[in-house]
Amino acid sequence: MTVTIGHPVYAGMGRTIFDHMSGLARELGAINLGQGFPEGPEPRELIEAAARALRERSNQYPPSAGLPELRDAVAAYYGRRQRLALERGNVVVTSGATEAICSAVLALVQPGDEVLLFAPAYDAYAPMVRRCGGVPVFVALRPPGWGYDETAIRAAISARTRVVMLNDPLNPMGTVATPDELAMLARLCLEHDLLAICDEVWEEVRFDGRAHASLLGEPGMADRVVKIGSAGKLFGMTGWKIGWMIAGEELATLVARAHQFVTFTTAPALQWAVAEGLGWGEDWFEGQHAARAAQRARLQGGLAEAGFAVMANAATWFVCVDLAASGIALDDTAFSERAVREAGVASIPVSALYEEADAPKGFARLCFTKPDAQIDEAVARLGRFRAGL
Ligand code: GLN
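All values reported here derive from a predicted model rather than from experimental measurement. (Residues numbered from 1 in each chain as written. Predicted model: local features only at pLDDT ≥ 70, side-chain atom pairs only at ≥ 80, totals over all residues. Heavy atoms only, no water.)

Trainee: Explain the overall build of the protein to me, and be specific about the residues and the numbers.
Mentor: Within the protein one finds 13 helices and 13 strands. Computed over C-alpha atoms, the radius of gyration of the protein comes to 21 Å, within 12% of the 21 Å expected from 2.2 N^0.38 for 389 residues, which places it in the range of a compact globule. In terms of its C-alpha atoms, the protein occupies a principal-axis envelope of roughly 60 × 55 × 45 Å. Within the span of the protein, comprising 389 residues, buried residues form 56% of the whole. Put simply, 75% of the contacts in the protein that link residues at least 6 apart link residues at least 24 apart. For the protein, the exposed area adds up to about 16,100 Å²; of that, 53% sits on carbon and sulfur atoms. Between the centroid of the 36 positive side chains of the protein and the centroid of its 46 negative side chains there is a distance of 3 Å. (Helix = DSSP H or I, 4+ residues; strand = E, 2+ residues; numbered from the N terminus. Rg over C-alpha atoms; globule rule 2.2 N^0.38 Å. Buried < 20%, exposed > 50% of the residue type's maximum accessible area, 1.4 Å probe, protein only. Contact = heavy atoms within 4.5 Å. Areas by Shrake-Rupley, 256 points an atom, 1.4 Å probe, with all protein chains shown as cover. Lys, Arg positive; Asp, Glu negative; His and termini not counted. Charge placed at Lys NZ, Arg CZ, Asp CG, Glu CD.)

Here it is, written out as structure tokens:
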């Protein structure tokens, strides 16, 4: 159902593609490789930590910026993993990364500001920018590399550009900005006095053997970047909705002021559990990573054997298939809509994350964080569907 009353940003808007596909999967009993979330055993020790906190600790409002223990744990985690020198004052805990994006946009975007976005763009970015009176200006990333083209970016920057939003690693393609691209983006921010909102929720879900590097770590960028992270992605617990914003102290204080009037604060038991989890040894994270890598290889291998052209990627819980190269003469929307109904497998059409009419329409995204039997069954169904087209 669409509505006609209310703010024009939302009136006439449909459900998100993720909600639409999960709804269809539920309704049709399809295997859901659409919306990105893990199925299968969940980290027992994290659930125990949350249960303990629910029973033994306060269930009243934590401080708006987050439990000090969690802010310290986030700072220490990034010090260890990404060599960022952070303190409690650089961390604001939010109710998931989506709230962090909302709070950051509320704090930084003023009416009339142009905000540079890269497409494919996570579906929340542009509506939030518009709701704040900002004007999204898209630079489209293109297959096969989905790289950042300096000429195109320069052409999109105007005197009114104030903020750039970067999702690296990139959902849905799973690609990662190269060190040269990050340096170029930092240079442009400095040259044009831009702030950056960096959605880095996939930072640790990496399969290229490289450690994540944030735009925040580029020379001169420490006071220009709001870096967003997610416990949902780090621990595979998407329903917990624990995220955070990292920034230099002045910017962190500013985004905290916006956050205090969005959700104010976030469930304390879940904050305690994440604080505990972030302190676990590398073994724990490596174990989880190895399990994800095996699931990824299983879906990639199965799809390739079933005749699908699987695209190279370096990160995220997703693989994308190239439909034309797989011998499928459907665009991505038709493929996803038919596959969920006729094959019983939900996917995400990549073009749903572009606004422009000439978006690439030949790629569908599939989530691999599922039990082996589910991956195998999905592959078998998709293989039969492809063969029958
Ligand atoms: N980040 C999730 C994905 O890309 C979607 C989250 C949501 O549905 N809002 O699949």
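So much for the structure itself; the text now carries on.
Trainee: Tell me what's going on with the site of the ligand, and back it up with residues and numbers.
Mentor: Close contacts around the ligand come from Phe 18, Gln 35, Gly 36, Tyr 122, Asn 171, Phe 318 and Arg 365, and that covers them all. Contact between the ligand and Gln 35: an oxygen atom at 2.7 Å from a side-chain N or O atom of the residue. The backbone of Gly 36 places a nitrogen or oxygen atom 2.7 Å from an oxygen atom of the ligand. Here the ligand, which alone exposes 300 Å², has 79% of that area covered by the protein. Here the residues of the shell around the ligand sort into 3 nonpolar, 3 polar and 1 charged. (Near = heavy atom within 4 Å. Polar contact = N/O pair within 3.5 Å; in protein donor to acceptor, adjacent residues only side chain to side chain. Nonpolar A, V, L, I, M, F, W, Y, C, P; charged D, E, K, R; others polar.)

Trainee: Which residues make up helix H13 (residues 372-388), and what values do they have?
Mentor: Taking 1.5 Å per residue as the helical rise, H13 with its 17 residues ought to reach 24 Å, and the 24 Å between its terminal C-alpha atoms agrees with that figure. Looking at H13, one finds that the buried residues are Gln 374, Ile 375, Ala 378, Val 379, Leu 382, Gly 383 and Phe 385. Angularly, the buried residues of H13 cover 165 degrees about the axis, an arc narrow enough to put them on a single face. Projecting away from the buried face of H13 at angles above 90 degrees are the exposed residues Ala 373, Arg 384, Ala 387 and Gly 388. Those residues of H13 that are buried lie in contact with strand E1 (31-32), helix H11 (282-305), helix H12 (332-343), strand E11 (345-346) and strand E13 (363-367). (Expected span 1.5 Å × (residues − 1). Arc of directions from axis to C-beta.)

Trainee: Outline the pattern of salt bridges, listing residues and values.
Mentor: Evaluated as defined, the whole model comprises 24 salt bridges. One salt bridge connects Arg 15 with Asp 19, and the closest N-O pair in it is separated by 3.9 Å. The salt bridge partner of Arg 81 is Glu 204, with a shortest N-O separation of 2.6 Å. In this pair, Arg 81 sits in helix H3 (residues 68-82) while Glu 204 sits in the loop between strand E6 (195-199) and strand E7 (225-230), placing the two residues 123 residues apart along the sequence. Linked by salt bridges that have partners in common, Arg 80, Arg 81, Glu 204 and Glu 282 make up one network. (Salt bridge = Lys/Arg side-chain N within 4 Å of Asp/Glu carboxyl O.)

Trainee: Could you give an account of the nonpolar core, naming the residues involved and the relevant values?
Mentor: If you look at the biggest cluster of nonpolar residues, it comprises 67 residues, and the most contacted ones within it are Phe 118, Ile 153, Leu 215, Phe 235, Trp 244 and Leu 278. One finds Cys 102, Cys 367, Leu 382 and Phe 385 within the second-largest nonpolar core, a separate group that totals 60 residues. (Core = buried A, V, L, I, M, F, W, Y, C linked by side-chain atoms within 4.5 Å.)

Trainee: Account for unusual backbone geometry, with residues named and values stated.
Mentor: Cis geometry marks the peptide bond from Ala 119 to Pro 120, where omega comes out at 5 degrees. Between Asp 168 and Pro 169 the backbone carries a cis peptide bond, its omega angle lying at -10 degrees. Counting through the fold element by element, Pro 169 comes out in the loop between strand E5 (161-167) and helix H7 (179-192). Notably, Arg 83 is not glycine yet its phi reads approximately 55 degrees, a positive angle. For Arg 83, the position within the fold is in the loop between H3 and strand E2 (91-94). By relative accessible area, Arg 83 is classed as exposed at 78%. Although it is not a glycine, Thr 316 adopts a positive phi angle of roughly 80 degrees. As for its placement among the helices and strands, Thr 316 is situated in the loop between strand E9 (309-310) and strand E10 (318-322). Residue class for Thr 316 comes out buried when judged on its relative accessible area of 0%.

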